[in-house]
Amino acid sequence: MSSNDPQSLVSTDWLAAHLDAPDVRVIDASWYLPSASRDAMAEYASAHIPGAVFFDIGDISDKDSALPHMLPPPEMFASRVRRLGLGNGNRIICYDGSGLFSAARAWWMLRAMGHRDVAVLDGGFPKWRSEGRAIEDLAPRPRERHFIARPDHSLVRSIEDVQQACETGLYQIIDARGAERFEGRIPEPREGMRVGHIPGSANVPYPSILNGDGTLKSTQDLRAAFESAGLDHAKPVITTGGSGVTACMLMLALEL
């Protein structure tokens, strides 16, 4: 598994075997909707994979935007990840406390900043813990590493791009929210948000790409989930969600 051919998903077996490798870094990218009543930072402080640092997608964000956890400027991103001990030469493994949820957002952020050697831990912390693997509650003291952000603009689309996609159909838009939210039958979890979906978009609810244990479904089942939503594999895709977290789960599934 080299930097030139990085895989985007790794198993708990793989991570356990490579946890002490000098080039491997692990990040806990847990984040929860307010309705979950969970404190990601407190959970990390009480138990995490040995050596893992806490990657706060709410804090590593654009402070000038009124929207939550928007992609930060490259300089700010580089500064934050350097302090976490993450460098350009590292293989970075992302996990979260749900199994597979916000870890995909961190995976996408790192890729959007030009770091390709990054993967998501399949099944996340719940699977790791259920298998009786090592955990700790000690906060690591990472040594600052060299990280230069090289934004990959191919992984981000603007609101103008999305409007154009609606009008021309050159891109397919796929929404990761649940069907009730997609169809506007229930209110959005954030106050003041209008219900419904982007015109012409299709719906692949993120739970439909997961197994019961929080691992990602097989590539065959993922393909079937997208095809059942009308996806044409020959056309490019824009993924979306409530705030860009679950959208990254679909991006990961499409990558695989």
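Residues numbered from 1 in each chain as written. Predicted model: local features only at pLDDT ≥ 70, side-chain atom pairs only at ≥ 80, totals over all residues. Heavy atoms only, no water.

**Re the sheet that holds strand β1 (residues 9-10)**
Part 1 of the reasoning: Strand order across the open sheet formed by five strands is β1-β5-β4-β2-β3, with parallel pairing between neighbours. In this open sheet, the two edge strands, each paired with only one partner strand, are β1 and β3 (53-54).
Part 2 of the reasoning: Relative to strand β5 (residues 118-121), β1 runs parallel, the two sharing two bridges. The residue bridging Val10 from the neighbouring strand is Leu121, located in β5.
Part 3 of the reasoning: Helix α4 (residues 103-112) contacts β2 (24-28), β4 (91-95) and β5 of the sheet and is inclined by roughly 180° relative to β5. (Pairing = 2+ DSSP bridges. Helix = DSSP H or I, 4+ residues; strand = E, 2+ residues; numbered from the N terminus. Contact = heavy atoms within 4.5 Å. Axes fitted to C-alpha atoms, helices over the stretch in contact; angles between N-to-C directions.)

**Description of the packing of α4 against helix α9 (residues 246-255)**
Part 1 of the reasoning: The geometry of α4 relative to α9 is characterised by a closest axis approach of 8 Å and an angle of 70° between their N-to-C directions. Of the possible angle classes, the one that applies to α4 and α9 is roughly perpendicular. Only Cys248, Met249, Met251, Leu252 and Glu255 of α9 make contact with α4, whose side of the interface consists of Ala104, Arg105, Trp107, Trp108 and Arg111.
Part 2 of the reasoning: Classifying every residue of the contact of α4 with α9 by side-chain character gives seven nonpolar, no polar and three charged. (Parallel < 35°, antiparallel > 145°, perpendicular 65-115°, else oblique. Nonpolar A, V, L, I, M, F, W, Y, C, P; charged D, E, K, R; others polar.)

**Thoughts on the pattern of salt bridges**
Part 1 of the reasoning: In this structure the tally under the stated criterion is 14 salt bridges.
Part 2 of the reasoning: Ionic pairing is found between Lys63 and Asp59, a salt bridge with its closest N-O pair at 3.5 Å.
Part 3 of the reasoning: Classification of Asp59 by relative accessible area gives partly exposed; the value is 32%.
Part 4 of the reasoning: By sharing partners, the salt bridges in this structure join Asp13, Lys127, Glu131 and Arg133 into a single network. (Salt bridge = Lys/Arg side-chain N within 4 Å of Asp/Glu carboxyl O. Buried < 20%, exposed > 50% of the residue type's maximum accessible area, 1.4 Å probe, protein only.)

**Some thoughts on the pairing of β5**
One face of the sheet, then the other: side chains in a regular strand alternate in exactly this way.
Part 1 of the reasoning: Where β4 meets β5, three bridges bridge the pair, whose relative direction is parallel. Bridge pairing in β5 links Ile93 to Ala119.
Part 2 of the reasoning: Handedness of the β-α-β unit built from β4, α4 and β5 comes out right-handed. (Right-handed = clockwise from strand over helix to strand, strands pointing away.)

**Points about the packing of aromatic side chains**
Part 1 of the reasoning: Taken as a whole, this structure holds six aromatic pairs when the rule is applied.
Part 2 of the reasoning: One aromatic cluster in this structure is built from Trp31, Phe101 and Tyr206.
Part 3 of the reasoning: Here the basic side chain of Arg133 rests over the ring of Trp128, its NZ or CZ set 5.6 Å away from the ring centre. (Phe/Tyr/Trp six-rings, centres within 6.5 Å; stacked < 30°, edge-to-face > 60°. Lys NZ or Arg CZ within 6 Å of the ring centre and 35° of its normal.)

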